[in-house]
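Topology and contacts: notes
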Amino acid sequence: MDYKRLLLLVFLLYFRKKLYFCRNFIRIFVMTDRKVRVRFAPSPTGALHIGGVRTALYNYLFARQHGGEFIFRIEDTDSNRFVPGAEEYIIESFKWLGIKFDEGVSFGGNYGPYRQSERRDIYKQYVKVLLDAGKAYMAFDTPEELDAKRAEVQNFQYDASTRMSMRNSLALPKEEVDRLLAEGHQYVVRFLIQPGEEVHVDDLIRGDVVINSSILDDKVLYKSADELPTYHLANIVDDHLMEVSHVIRGEEWLPSAPLHVLLYRAFGWEDTMPRFAHLPLLLKPEGNGKLSKRDGDKLGFPVFPLEWHDPKTGEVSSGYRETGYLPEAVINFLALLGWNPGNDQEIMSLDEMVSLFDLSKCSKSGARFDYVKGIWFNHQYLLRQADMDWTPEFDKILRANGIESTPEREAQVVAMMKQKVVEYTDKLGNKKKRNVSFVSDLWPLCDFFFLAPQAYDKEGDKFIRKNWKEGTAAEMTELADLLEGLTDFSVESLKQAVDTWAEAGEKKPWNPWRVCLVGTGQGPDMYELAAFLGKEETVSRMRKAVAILA
RNA sequence: GGCGCUUUCGUCUAGCGGCUAGGACACAUGCCUCUCACGCAUGGAACACGGGUUCGAUUCCCGUAGGCGCUACCA
């Protein structure tokens, strides 16, 4: 080796990392001549899982950032698992969340149909291509035979080591195959995997992932029984035909990514093969495993964007929307589970996320689903909302509690409460304090605006004990008399009258007065409260309190 | 079992060879206030372990151990 080459080698070794970075940069740069097209392709087997929402969100952010297109495809190749209403549910969920698709089922586009069950003929055509090229074969083993085989042989796998002892077009004589076909026996098409090859998957998040093809099995690509392909075949054919440039999906697909690479190769599509990015999974808030519906039921948080009524079991699962979450909060919370902008910014609009998003900043390990932080995000977004935005939700809650009111009065309460919102003990009976994170948290904290206190817990309530003493009753009677004489019951007038009276008598009437009107130590400014209630109600509550508490 | 991915406070994470290891949630305390809350301030709290490479490893490499996923005629 001559001197120059040695120098080059040293240089290469030293700058390997930087070169790698450059290479990726150049590749991404070069790739931009290809239009960015990504897709979210759920299976309509039930409600949309919150993890799926995050996957869709990342795809959406990526597409927007690169001025690309976002496709909505339905992967309904398993007729047994189809659930009516699931597709509509998914579409409605994204509509609520504010994630928009450019093409796909219900959105139109030039690459349709976008429902896999409507693409049978396309898949058949490509299965034939593989069969004719000798890259796939027909297998006649029944599911029962396979089960028996698996029971008999430990770790049985349909691959190079076993396929010649099975009933397929490779092992059987041609006449036998023709006979089986002629007699109408059902079969599946399996992908012929050549063993002993290192298959590389270049993942945008994880780098180079290598798997030896010997550990892969001859995957079923197509079932003659329902004339439908399995996920793997349909996925590759569709992504190719729809000119998908990047496949951003969950980590559960990483083990089958080498198979997908092999399929692209078998079809001769390797040069336009999409780039892969496998996202980390969402894990249970506590305990082991990935996030499931059960966790939500157990710990009391939704795992679905919208309330879901299971048509088969009749079971109802709560949704983020119905629980009172704001879609912006859900999006923001989800975005940060597995990705961050690289600085300390946490509250971001969808547009900001579009410009900040970066696949290389996605984490590699699974993220525990910290629903408590989701509550905090909602709290943040709730406080940023205008008072007006709270009233429709608040109105619903009042109605649910049988309160009749006017929009004006409700708006007044919301305005007061929004500034002065309160302590809340959560439903499970924990002693933990909770902020107002949902509009519904307001009701137990402000029902006194609409309902007079029914009882006063003189012994149990520390606030009453502390503020209701000897002589308080007399003082409150005096104040009630004073208020009764007022003609102007506005905040200003009340403040003037009460302050003057309090100052003259060196009295501090606010806390006992609060006991009278609220029944405990809560609520907004006393003058605002009294003005809201009006003279009649204020005085009546005071007289009642005096009578009961004496 | 096999294969792959992964490992920084209780949780989400920043860090891309040299830092008193930063932020947020949650928790605790204090301040503010006619009450509650909001808000603000303060505090405790982490580099899984063992080998290398290096003048120097949380950071790079290799093991070990944990975690996660896949291992279907499901996606």
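The residue count restarts for each chain, going from 1 along the sequence in the order it is written. By the order in which they are written, chains take letters starting at A while ligands take numbers starting at 1. Per-residue local features of the predicted model are confined to residues with pLDDT of at least 70, and side-chain atom pairs are confined, for both listing and counting, to 80 or more; whole-chain, interface and lining totals are unaffected and use all residues.

A few words now on the overall build of chain A. Each helix is a run of H or I in the DSSP string that is no shorter than four residues. Each strand is a run of E no shorter than two, and both are numbered from the N terminus. When helices and strands are counted, chain A shows 22 helices and 17 strands. The C-alpha radius of gyration of chain A comes to 33 Å, more than 25% above the 24 Å expected for a compact globule of 550 residues. Along the longest, intermediate and shortest principal axes, the C-alpha atoms of chain A span 110 × 70 × 45 Å. With C-beta atoms placed from the backbone, the exposure class of a residue follows from how many other C-beta atoms lie within 10 Å of its own: 20 or more, buried; 12 or fewer, exposed; in between, partly exposed. Every one of the 550 residues in chain A was classed for burial, and the buried ones make up 33%. By the convention adopted here, residues make contact when the C-beta atoms placed from their backbones lie within 7 Å. Pairs at least 24 apart in sequence give 74% of the contacts found in chain A among residues at least 6 apart. Computation of the radius of gyration draws on C-alpha atoms alone. For the globule rule, the value is 2.2 Å times the number of residues to the power 0.38.

Using a C-beta atom placed from the backbone, a residue is scored as near a molecule or strand whenever that atom is within 6 Å of it. Around RNA strand B sit 64 residues, and of these Glu75, Asn288, Ser365, Trp510 and Gly521 come closest. For the surface near RNA strand B, the secondary structure elements donating two or more residues are helix H6 (143-152), strand E7 (207-212), strand E8 (220-223), strand E15 (367-368), helix H14 (371-384) and helix H21 (510-518). Throughout this entry, Asp, Glu, Lys and Arg are counted as charged residues, while Ala, Val, Leu, Ile, Met, Phe, Trp, Tyr, Cys and Pro are counted as nonpolar. The remaining residues, Gly among them, count as polar. Along the lines of polarity and charge, the residues of the surface near RNA strand B split into 24 nonpolar, 19 polar and 21 charged.

Bringing the environment of Lys174 into the picture now. Relative to the helices and strands, Lys174 resides in helix H7 (residues 174-182). Taking the C-beta count within 10 Å as the criterion, Lys174 has 8 such neighbours and is therefore assigned exposed.

This part takes up the sheet that holds E8. Pairing between two strands requires that DSSP report at least two bridges joining them. With antiparallel pairing, the 4 strands of this open sheet are ordered in space as E4-E5-E8-E9. With partners counted over all chains shown, the strands left at the sheet margins are strand E4 (136-139) and strand E9 (228-229), one partner each. Of the strand pairs in this sheet, E8 and E9 are connected by 2 bridges, and their pairing is antiparallel. Looking at the pairing, Lys223 lines up with Leu228 of E9.

Every helix has an expected span of 1.5 Å times one less than the residues it contains. In this model, helix H4 (residues 86-97) (12 residues) spans 16 Å end to end at C-alpha, consistent with the 16 Å of a helix rising 1.5 Å per residue. Taken together, the buried residues of H4 touch helix H3 (50-65), strand E13 (308-309) and helix H12 (327-335). Once H4 finishes, Gly98 follows within two positions and takes phi at roughly 85 degrees, a positive value.

Further remarks concern the pairing of E8. Note: strand E5 (residues 188-191) against E8, 3 bridges, orientation antiparallel. Note that in E8 the partner of Val188 across the bridge is Lys223. Connecting E8 to the antiparallel partner E9 that follows it, the hairpin turn spans 4 residues, and Glu227 within it adopts a positive phi of roughly 55 degrees.

Moving on, we come to the pairing of strand E10 (residues 246-250). For E10, the buried fraction is high: 4 of the 5 residues fall into the buried class. Inspection of the sheet shows E10 paired to strand E11 (residues 275-279) by 5 bridges, in the parallel sense. When the sheet's bridge partners are listed, Gly250 is paired in E11 with Leu279. A crossover gets the label right-handed when its path from the first strand over the helix to the second runs clockwise, viewed with the strands pointing away from the viewer. Each parallel crossover has a hand, and for E10 linked through helix H9 (residues 257-267) to E11 it is right-handed.

Per-residue confidence from the predictor is given as pLDDT, running between 0 and 100. A residue-level look at chain A finds 91% of positions with pLDDT of 70 or above and a mean pLDDT of 87. Across residues 421-434, where pLDDT falls below 50, the model places 16 contacts with residues more than four positions away in sequence or in other chains. Two numbers describe this predicted complex: its pTM, 0.88, and its ipTM, 0.95.

Before going further, it helps to examine the sheet that holds strand E3 (residues 103-104). The strands making up a sheet are joined through hydrogen bonds of the backbone, oriented either antiparallel or parallel. With parallel pairing, the 3 strands of this open sheet are ordered in space as E1-E2-E3. On the outer flanks of this sheet lie strand E1 (37-40) and E3, each paired with one strand and no other.

This part covers the nonpolar core. Put simply, a nonpolar core is buried Ala, Val, Leu, Ile, Met, Phe, Trp, Tyr and Cys residues tied into one set by C-beta atoms within 7 Å. Counting 89 residues, the largest nonpolar core has Leu57, Val127, Leu233, Val330 and Leu334 as its most contacted members. Sort the elements by how many residues they give to this core and H3 lands first, with 9 residues. Among residues more than four places away in sequence, those in contact with Leu57 are Ile99, Ile331, Leu334 and Ala335. Counting 20 residues, the second-largest nonpolar core is a separate cluster that includes Val515, Cys516, Ala530 and Ala545.

Note that Leu486 resides in the loop between helix H19 (472-484) and helix H20 (491-505). Note on Leu486: 16 C-beta atoms within 10 Å, which makes it partly exposed. Considering only alpha carbons, one finds Leu486 and Asp159, 327 residues apart in sequence, at a separation of 93 Å. With sequence-adjacent residues up to four places away left out, Leu486 is seen in contact with Ser493, Ala497 and Lys535.

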